[in-house]
Amino acid sequence: MTEEFVKDRFSRPIISLRITLTNRCNVNCVYCHHDGMVSSKQEMTSDELYTICKVAKSLGVKKIRLSGGEPLIRKDIVEVIRKIASLDFKDISMTTNGTYLEKYAQDLKDAGLDRVNVSLDTLNSETYEFITKKDYLESAKAGILKAVEVGLYPVKINMVIMKDINQNEIKDMFKFCKENNIVLQLIELIESENCDDDKFSADYHYKLDMIEERLADIADEVHERKFMQGRKKYYIDGGEIEVVKPVDNSTFCANCSRLRITPDGKIKPCLLRNDNLVELISHVRNGESEERLKEIFIDGINNREPFNS
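Residues numbered from 1 in each chain as written. Predicted model: local features only at pLDDT ≥ 70, side-chain atom pairs only at ≥ 80, totals over all residues. Heavy atoms only, no water.

Visitor: Which parts of the structure should I look at to understand the nonpolar core?
Guide: Generally speaking, soluble globular proteins have nonpolar side chains that are buried together. With 83 residues, the main nonpolar core has L17, I19, L108, L186 and F297 as its most contacted residues. With residues near it in sequence (within four places) discarded, L108 still touches L72, I77, V78, I81, M94, L101 and L113. (Core = buried A, V, L, I, M, F, W, Y, C linked by side-chain atoms within 4.5 Å. Buried < 20%, exposed > 50% of the residue type's maximum accessible area, 1.4 Å probe, protein only. Contact = heavy atoms within 4.5 Å.)

The structure is reproduced here in structure tokens:
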């Protein structure tokens, strides 16, 4: 299957492209990693994003994921989806905090968005406000349920587990997800050089090993996702849970099939590095040929190397 994909120097296929549409956000989560703010005037336009995705498609990329910041903060988000969807990718997904999702879900579905991941760490209003610094829990829940209603399937909830904050809420979150046909993803908090407060990550880190062992014991079925770093999916009593471990390991790197685009239009070959970015957007804005843009993409792909081996 992978022969149709462009591969890097380590024979890893480039299957998906993750594009950060904006660093702007309407919440301020305690664990958020800020990679440097980009003003709305510097963000890539819908036409520029279309060009980038068209080149990616010509190189064999099958999947697009759009993220932020909060991507729905962009006023042209439906247009962005519509233009990318016209290129007929296998899958177009979005990561969002869900607070604008009730408003946009139907339009996004109609424009060609396939599915959404919603960042939601708690169903407790006080805990939500502590984590996000905003009182938007009900808006987020309404957005999630609207996404289910319009068929952005599968809807997934990304729940970052934090010691002494929400590690005791997994059962309640799984119940909410199971009742509403939503997949729950448990995410282990990681430390990052980009984090505003490394001490937070250290103080609130909660290893998911014991939780995963418990899930394995009670699961009706367990599936492994090869091109998602060997991540396991646990099917329990009609519900589904995935466990996302820290990415700083050789398994993650060996199976990495994703290339990234930063909000200011640079190719980011590695999630864990910022010292090997490849400038792209200026070439798009200069009207350079698609062949030249493909060469720049290849330069970015050739910069890929396992961070851990």
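Now that the structure has been shown, we can carry on.
Visitor: What should I look at first to understand the layout of surface pockets in this one?
Guide: Once rolled over the atoms, a probe with the size of a water molecule shows which space is left empty. Estimated volume of the second largest pocket: approximately 300 Å³. Along the walls of the second largest pocket sit 13 residues, with I170, K171, I211, R214 and L215 positioned nearest its centre. Counting only elements with at least two residues in the lining of the second largest pocket, the list comes to α6 (170-179) and α8 (209-218). In terms of residue count, the dominant contributor to the lining of the second largest pocket is α8 (five residues). (1 Å grid on protein atoms, 1.4 Å probe; cavity = no way out; pocket = protein on both sides within 12 Å on 5 of 7 lines; lining within 4 Å. Points joined across faces, edges and corners; volume = space filled by probe spheres on them. Helix = DSSP H or I, 4+ residues; strand = E, 2+ residues; numbered from the N terminus.)

Visitor: Any chance you could explain empty space enclosed by the protein here in plain terms?
Guide: Summed over all chains, the structure comprises one cavity of 30 Å³ or more. When its volume is computed, the largest cavity comes out at roughly 90 Å³. What lines the largest cavity is a set of 13 residues, among which R12, C256, P269, C270 and L271 lie closest to the centre. Its residues placed into classes, the lining of the largest cavity shows nine nonpolar, no polar and four charged. (Nonpolar A, V, L, I, M, F, W, Y, C, P; charged D, E, K, R; others polar.)

Visitor: Just to check I follow, could you spell out the packing of helix α3 (residues 101-111) against helix α5 (residues 137-150) for this structure?
Guide: Geometry of a packed helix pair, given as the angle between the helix axes and the separation of the axes. Put simply, α3 and α5 touch, their axes get as near as 8 Å, and they point 20° apart. In terms of axis orientation, α3 runs roughly parallel to α5. The two elements α3 and α5 meet at a crossing, and its hand is right-handed. Residues L101, E102, A105, Q106 and K109 of α3 touch α5, and the partners they reach there are A142, G143, I144, K146, A147 and V150. (Axes fitted to C-alpha atoms, helices over the stretch in contact; angles between N-to-C directions. Parallel < 35°, antiparallel > 145°, perpendicular 65-115°, else oblique. Left-handed = near helix turned anticlockwise from the far one by under 90°.)

Visitor: Sorry, what's going on with the sheet that holds strand β10 (residues 258-261) here?
Guide: In any sheet, the strands associate via hydrogen bonds between backbone groups, in a parallel or an antiparallel arrangement. Overall, mixed pairing links the twelve strands, which are arranged β7-β8-β9-β6-β5-β4-β3-β2-β1-β10-β11-β12 in an open sheet. Edge strands, defined here as strands with exactly one partner in the open sheet, are β7 (221-225) and β12 (278-279). For strand β8 (residues 231-236) and strand β9 (residues 239-244), the ladder comprises four bridges, and the chain directions are antiparallel. By the bridge assignment for β9, Y234 is matched with I241. Across the sheet, α6 lies against β5 (156-161), β6 (183-188), β8 and β9, angled at about 175° from β5, the strand it touches most. (Pairing = 2+ DSSP bridges.)

Visitor: Please explain the packing of helix α2 (residues 77-85) against α3 as it appears in this structure.
Guide: Running from amino to carboxyl end, α2 crosses α3 at an angle of 20°, the nearest separation of the two axes being 8 Å. In terms of orientation, α2 lies roughly parallel with respect to α3. Between α2 and α3 lies a crossing whose hand is right-handed. Every residue of α3 that contacts α2 at I77, V78, I81, R82 and A85 is listed here: Y104, D107, L108 and A111. A breakdown of the residues in the contact of α2 with α3 according to their chemical character gives seven nonpolar, no polar and two charged.

Visitor: Where do I start with the packing of aromatic side chains in this structure?
Guide: What describes a pair of aromatic rings is the distance from one ring centre to the other and the angle between the planes of the rings. Applying the stated criterion across every chain, the model contains zero aromatic pairs. Seen from the ring of F89, K57 lies directly overhead, with NZ or CZ sitting 5.5 Å from the centre. A cation over a ring is seen here: K133 above F130, with NZ or CZ 5.3 Å from the ring centre. (Phe/Tyr/Trp six-rings, centres within 6.5 Å; stacked < 30°, edge-to-face > 60°. Lys NZ or Arg CZ within 6 Å of the ring centre and 35° of its normal.)

Visitor: What is the right way to read a negative patch on the surface from this model?
Guide: Together, E126, E129, D135 and E138 give the surface a local cluster of negative charge. Structurally, E126 is set in helix α4 (residues 125-132). (Patch = residues over 30% accessible without salt bridge, like charges linked within 9 Å, V, L, I, M, F, W, Y side chains within 5 Å. Areas by Shrake-Rupley, 256 points an atom, 1.4 Å probe, with all protein chains shown as cover. Salt bridge = Lys/Arg side-chain N within 4 Å of Asp/Glu carboxyl O. Lys, Arg positive; Asp, Glu negative; His and termini not counted. Charge placed at Lys NZ, Arg CZ, Asp CG, Glu CD.)

Visitor: I tried to follow unusual backbone geometry on my own but got confused; where do I start?
Guide: Trans peptide bonds make up most of the peptide bonds, and negative phi angles are found at most residues other than glycine. With an omega of 20°, the peptide bond between G68 and G69 qualifies as cis. For G69, the position within the fold is in the loop between β2 (63-67) and α2. Its identity as a non-glycine residue notwithstanding, S11 has a phi of 65°, on the positive side. Following the sequence through the fold, S11 ends up in the segment before β1 (16-20). With relative accessibility at 53%, the residue S11 sits in the exposed group. Located in the positive-phi region is D237, a residue other than glycine, with phi close to 50°. Relative to the helices and strands, D237 is located in the loop between β8 and β9. Take D237: its relative accessible area is 57%, and that puts it in the exposed class.

Visitor: When you look at the environment of N302 in this model, what are you seeing that I'm missing?
Guide: With respect to the secondary-structure elements, N302 resides in helix α11 (residues 290-302). Between the alpha carbons of N302 and K7 there is a distance of 8.7 Å; along the sequence they are 295 residues apart.

Visitor: Please explain α11 as it appears in this structure.
Guide: Count 3.6 residues to each turn of an α-helix, and residues three or four apart come out pointing the same way. Over its 13 residues, α11 runs 18 Å from end to end, which matches the ideal 18 Å to within 8%, given 1.5 Å per residue. All of the buried residues along α11 are L293, I296, F297, G300 and I301. All buried residues of α11 project into a common sector of 145° when viewed along the axis, lining one side. Where α11 is buried, its residues contact β1, α1 (46-58), β10, β11 (266-268), β12 and α10 (281-285). (Expected span 1.5 Å × (residues − 1). Arc of directions from axis to C-beta.)

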